[in-house]
Amino acid sequence: MSEPSPEVYERGRGMDAHNLVMRELRGERDEQYDPSEPTRVWIDEDNTPGGIYQSLTIILNTGGCRWARAGGCTMCGYVAESVEGGRVSHEHLMAQIEHCLEHERSHADEVSPLVKIYTSGSFLDEREVGAETRQAIADTFADRERLVVESLPDFVKPARLDDLVFVGLEVDVAIGLETATDRIRRDCVNKYFNFADFEDACEIASEHGAGVKAYLLMKPPFITEAEAIDDMVRSIERCAEVSGCHTVSMNPCNVQRYTMVDELHFRGGYRPPWLWSVAEVLTQTADIDAIIVSDPVGHGSDRGPHNCGTCDTGIYEAIKAFNLDQDSAVFDRIECSCRHTWEVVCERETGYNQPLVH
Ligand code: SF4
Ligand SMILES: [Zn+2]
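Residues numbered from 1 in each chain as written. Chains lettered and ligands numbered in written order. Predicted model: local features only at pLDDT ≥ 70, side-chain atom pairs only at ≥ 80, totals over all residues. Heavy atoms only, no water.

Asker: Looking at this structure, I do not really get the coordination of the zinc ion (ligand 2). What am I missing?
Answerer: Angles between donor atoms at a metal ideally measure 109.5 degrees for a four-coordinate tetrahedral arrangement and either 90 or 180 degrees for a six-coordinate octahedral one. Within the protein, the atoms that donate to the zinc ion (ligand 2) are C308 (SG), C311 (SG), C336 (SG) and C338 (SG), at distances of 2.3 Å. Here C308 falls in the partly exposed class, since its relative accessible area comes to 39%. (Donors = N, O, S within 2.8 Å, 3.2 Å for Na, K, Ca; no water. Buried < 20%, exposed > 50% of the residue type's maximum accessible area, 1.4 Å probe, protein only.)

Asker: Help me understand the pairing of strand β7 (residues 245–252) in this model?
Answerer: One face of the sheet, then the other: side chains in a regular strand alternate in exactly this way. In terms of burial, β7 is a largely internal element, seven of the eight residues being buried. Where strand β6 (residues 210–218) and β7 come together, seven bridges link them in parallel fashion. Paired with A214 across the two strands is V248, which belongs to β7. For the segment spanning β6, helix α8 (residues 225–241) and β7, crossover handedness is right-handed. (Helix = DSSP H or I, 4+ residues; strand = E, 2+ residues; numbered from the N terminus. Pairing = 2+ DSSP bridges. Right-handed = clockwise from strand over helix to strand, strands pointing away.)

Asker: Can you help me understand the packing of helix α10 (residues 275–284) against helix α12 (residues 338–348) in this one?
Answerer: Each pair of packed helices can be summarised by the angle the axes make with each other and by the distance between the axes. One way to put it is that α10 packs onto α12 with a least axis distance of 10 Å and a crossing angle of 75°. One finds that α10 runs roughly perpendicular with respect to α12. Together, W276, S277 and E280 of α10 and C338, R339 and W342 of α12 make up the contact between the two elements. Taken together, the residues of the contact of α10 with α12 sort by class into three nonpolar, one polar and two charged. (Axes fitted to C-alpha atoms, helices over the stretch in contact; angles between N-to-C directions. Parallel < 35°, antiparallel > 145°, perpendicular 65-115°, else oblique. Contact = heavy atoms within 4.5 Å. Nonpolar A, V, L, I, M, F, W, Y, C, P; charged D, E, K, R; others polar.)

Asker: Would you take a moment to explain the environment of E227 for this structure?
Answerer: By the element assignment, E227 lies in helix α8. Through-space distance from the C-alpha of E227 to that of I137 is 41 Å; in sequence the pair is 90 residues apart.

Asker: Quick question: what am I supposed to make of the nonpolar core here?
Answerer: For soluble globular proteins, the rule of thumb is that nonpolar side chains tend to be buried together. In terms of nonpolar packing, the biggest core is built from 77 residues, with I58, I117 and F198 touching the most fellow members. Beyond its immediate sequence surroundings of up to four residues, F198 is in contact with P153, I175, L177, V212, A214, C239, V242 and C245. (Core = buried A, V, L, I, M, F, W, Y, C linked by side-chain atoms within 4.5 Å.)

Asker: Help me understand the pattern of salt bridges in this model?
Answerer: Inspection of the entire model under this criterion finds 19 salt bridges. A salt bridge links K116 to D46; the nearest nitrogen and oxygen atoms lie 2.9 Å apart. Of this pair, K116 sits in strand β3 (residues 114–118) while D46 sits in strand β1 (residues 40–48), and the two are 70 residues apart along the sequence. As far as the burial class goes, K116 and D46 line up, both buried. Across the pair E225 and K219 runs a salt bridge, and its minimum N-O distance is 2.8 Å. Using a relative accessible area of 1% as the deciding quantity, one classes E225 as buried. Using a relative accessible area of 1% as the deciding quantity, one classes K219 as buried. (Salt bridge = Lys/Arg side-chain N within 4 Å of Asp/Glu carboxyl O.)

Asker: Explain the sheet that holds strand β8 (residues 291–293) to me, please; I cannot follow it from the model alone.
Answerer: An order of β1-β2-β3-β4-β5-β6-β7-β8 is seen for the eight strands of this open sheet, with the pairing classed as mixed. The sheet is open, and its two edges are formed by β1 and β8, each paired on a single side. Each neighbouring strand pair of the sheet contributes to a mean axis angle of 25°, computed without reference to strand direction. Strand contacts of helix α5 (residues 158–165): β4 (146–150), β5 (170–178) and β6, with the helix running at about 135° to β5, the strand carrying the most contacts.

Asker: Please clarify how the state of the cysteines should be interpreted in this entry.
Answerer: In a disulfide, the sulfur atoms of two cysteines are held together by a covalent bond. Inspection of every chain in the model, using the stated rule, returns zero disulfides. Note on C100: no disulfide assigned, nearest cysteine sulfur contributed by C76 at a separation of 19 Å. A relative accessible area of 0% means that C100 is categorised as buried. Here C239 is not disulfide-linked; the sulfur of C245 is the nearest cysteine sulfur, at 4.9 Å. (Disulfide = S-S within 2.5 Å.)

Asker: Where do I start with the environment of V115 in this structure?
Answerer: Take V115: it is sitting in strand β3. With 237 residues separating them in the primary sequence, V115 and Y352 have C-alpha atoms 43 Å apart.

Asker: Sorry, what's going on with a negative patch on the surface here?
Answerer: On the surface, D154, D197, E199, D200, E203 and E207 cluster together to form a negatively charged patch. In this fold, E199 is placed in helix α7 (residues 195–207). (Patch = residues over 30% accessible without salt bridge, like charges linked within 9 Å, V, L, I, M, F, W, Y side chains within 5 Å. Areas by Shrake-Rupley, 256 points an atom, 1.4 Å probe, with all protein chains shown as cover. Lys, Arg positive; Asp, Glu negative; His and termini not counted. Charge placed at Lys NZ, Arg CZ, Asp CG, Glu CD.)

What follows is the structure, encoded as structure tokens:
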């Protein structure tokens, strides 16, 4: 990738321009959401440094991310699912937690040792989740083994981690780093922080008894399939070198509503990554000393990561198996004629002819 001149980042261009477009797109939504209900909740299984655990995953509706209100990331439609007004009270947030506990009681035979709380923003941002609510949630889950909370690096502060660690939980902060390449994070994802900020957050987390799970985004808009693969391999390597970052979740981009990615996709200018690319990255990084997992949301659909339609389910199942045992041999068993098409795309797609194949 070339390096831009300083003028590219003048007002009205670069990040300002991205934010302006994103604000306009987000303004088109008209759905309303109930503040006493979580955005989503489900039971799953996860690979953690403590072993494989049944997990309760909660998407808390906190009013959404500050950065999304400024415009935000080019692929992120989560704020469109947030409660209008950007603020949810302590009582409503605790009602959402109660709703999730009820879901767990009716869908699982036992309590989940692992609880993961995402907010489509930052659980550690006190504008989303105040100190009183954070402490009450820590108390609610104090009998579990492990708690994962999502946060941007700026909000990873000692006292906020202490509230969670001091109740006796193993705590991980899930940070949406997206890529270790600052240029791609800034210009393709439109995310404002640098890799150095991620490293600082990992250091604070480590010093306060917490771990970090880095979330990476495969193939944001404006880069080719081959660039996306290289970027993910390099990013996983760099994350694994950061002390405290024990897990990397490498997730292919999908097309969400009210986003720039959606606009590009609608006009034929964006294709989510191939599932072959996900398998390629997992294979190339399988020996790295960190847990590497991937969750290809929307797999097999036009708006999600996909291959030809015939082999998508098989490769998705292989990714799920890899998540649990980290054995990339599972990908060697998958064959499909579309692999050749993918290889040609990796070889011939360029910045000006993409997507070469839809
Ligand atoms: S990806 Fe994260 S930081 Fe970016 S707009 Fe969405 S919630 Fe905010
Ligand atoms: Zn295929």
